[in-house]
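# A structural walkthrough
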Amino acid sequence: MSKTTRATLALTKAGVKFITHSYDYDPDADSIGLQAASALGIEPRRMLKTLMAEVDGRPVCVVVPSDREVSMKKLAAAFHGKTAKMMRPADAERLTGYHVGGISPFAQKKRTPTAIEATALGESSVYLNGGQRGFQIELDPNDACKALDASACELTA
């Protein structure tokens, strides 16, 4: 597995400090985020999952702890919309240039508005997908928020 991805290149270029971690990806896991947290021995709230959604038909990127579910009502409100729904996997792959299970919020093919769960900013470090299945980037959540130009919002149920 390459430790250099579009995500790591973008973070390096932005001057963001990070540590990479690899683990054995299980494509049959009920929850990819929870499986990654378990494999790396970290609390699920620090393993953030990257989800692609649509608010009023517009694509958005959502970053939330792997042990939480996104509230569609809060998601719509975060992007000043009325309705929200999850994006189809094929559409998410086409938009981001990453494969499902390896979608990073960093250096997506097409830049979309991004929101991160506000509670994640209270962690000392968080893990986000590095652009490949089985590859995580550990960094300061505030650095992640800045690098993504993300809004910090209450997004989970």
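Residues numbered from 1 in each chain as written. Predicted model: local features only at pLDDT ≥ 70, side-chain atom pairs only at ≥ 80, totals over all residues. Heavy atoms only, no water.

## Some thoughts on the layout of surface pockets
There is about 590 Å³ of room inside the largest pocket. In this structure, the largest pocket is lined by 23 residues; those nearest its centre are Ile32, Lys49, Thr50, Leu51 and Val100. Residue assignment for the lining of the largest pocket shows that the elements contributing at least two residues are helix 2 (32-40), strand 2 (48-55) and helix 4 (89-96). Its residues placed into classes, the lining of the largest pocket shows 13 nonpolar, 7 polar and 3 charged. The computed volume of the second largest pocket comes to approximately 200 Å³. Along the walls of the second largest pocket sit 14 residues, with Pro105, Phe106, Ala107, Arg111 and Leu148 positioned nearest its centre. Broken down by secondary-structure element, the contributors of at least two residues to the lining of the second largest pocket are helix 1 (6-13) and helix 5 (141-148). Of the residues belonging to the lining of the second largest pocket, the class tally is 9 nonpolar, 3 polar and 2 charged. (1 Å grid on protein atoms, 1.4 Å probe; cavity = no way out; pocket = protein on both sides within 12 Å on 5 of 7 lines; lining within 4 Å. Points joined across faces, edges and corners; volume = space filled by probe spheres on them. Helix = DSSP H or I, 4+ residues; strand = E, 2+ residues; numbered from the N terminus. Nonpolar A, V, L, I, M, F, W, Y, C, P; charged D, E, K, R; others polar.)

## Re the pairing of strand 6 (residues 126-132)
The element strand 6 is largely enclosed, with a buried count of 6 among its 7 residues. As paired elements, strand 6 and strand 7 (residues 135-139) share 5 bridges and run antiparallel to each other. Directly across from tyrosine 127, in strand 7, lies its bridge partner glutamate 138. Here strand 6 folds back onto strand 7, and the loop between the two strands holds 2 residues, one of which, glycine 134, carries a positive phi near 80 degrees. (Buried < 20%, exposed > 50% of the residue type's maximum accessible area, 1.4 Å probe, protein only. Pairing = 2+ DSSP bridges.)

## Details of the sheet that holds strand 7
Reading across the sheet, the 3 strands line up as 1-7-6 and stay open at both edges, with antiparallel pairing between neighbours. Every other strand in the sheet has two partners, leaving strand 1 (19-22) and strand 6 as the edge strands with one partner each. Pairs of neighbouring strands in the sheet enclose a mean axial angle of 35 degrees, with direction left out of account. Across 4 bridges, the pairing between strand 1 and strand 7 is antiparallel. Note on strand 7: the bridge partner recorded for isoleucine 19 is glutamate 138. Contacts from helix 1 reach strand 1, strand 6 and strand 7 within the one sheet, and its direction differs from that of strand 7 by about 20 degrees. (Axes fitted to C-alpha atoms, helices over the stretch in contact; angles between N-to-C directions. Contact = heavy atoms within 4.5 Å.)

## Things to note about the environment of aspartate 67
Considering the arrangement of structural elements, one finds aspartate 67 in the loop between strand 3 (58-65) and helix 3 (72-78). With 20 residues separating them along the chain, aspartate 67 and methionine 87 place their C-alpha atoms 20 Å apart. If we ignore the near neighbours within four places in the chain, the residues touching aspartate 67 are Leu34, Pro44 and Arg45.

## As for the pattern of salt bridges
Between side chains of opposite charge, a pair can form as their charged atoms come close. All chains considered together, the criterion is met by 8 salt bridges. Among the ionic pairs, glutamate 138 bridges to arginine 46, the shortest N-O distance being 3.7 Å. Residue glutamate 138 is found in strand 7, and its partner arginine 46 is found in the loop between helix 2 and strand 2; the two are separated by 92 residues along the sequence. When salt bridges that share partners are traced, they join Glu43, Arg46 and Glu138 into one network. (Salt bridge = Lys/Arg side-chain N within 4 Å of Asp/Glu carboxyl O.)

In short, the description is geometric, and any link to function would need to be established separately.
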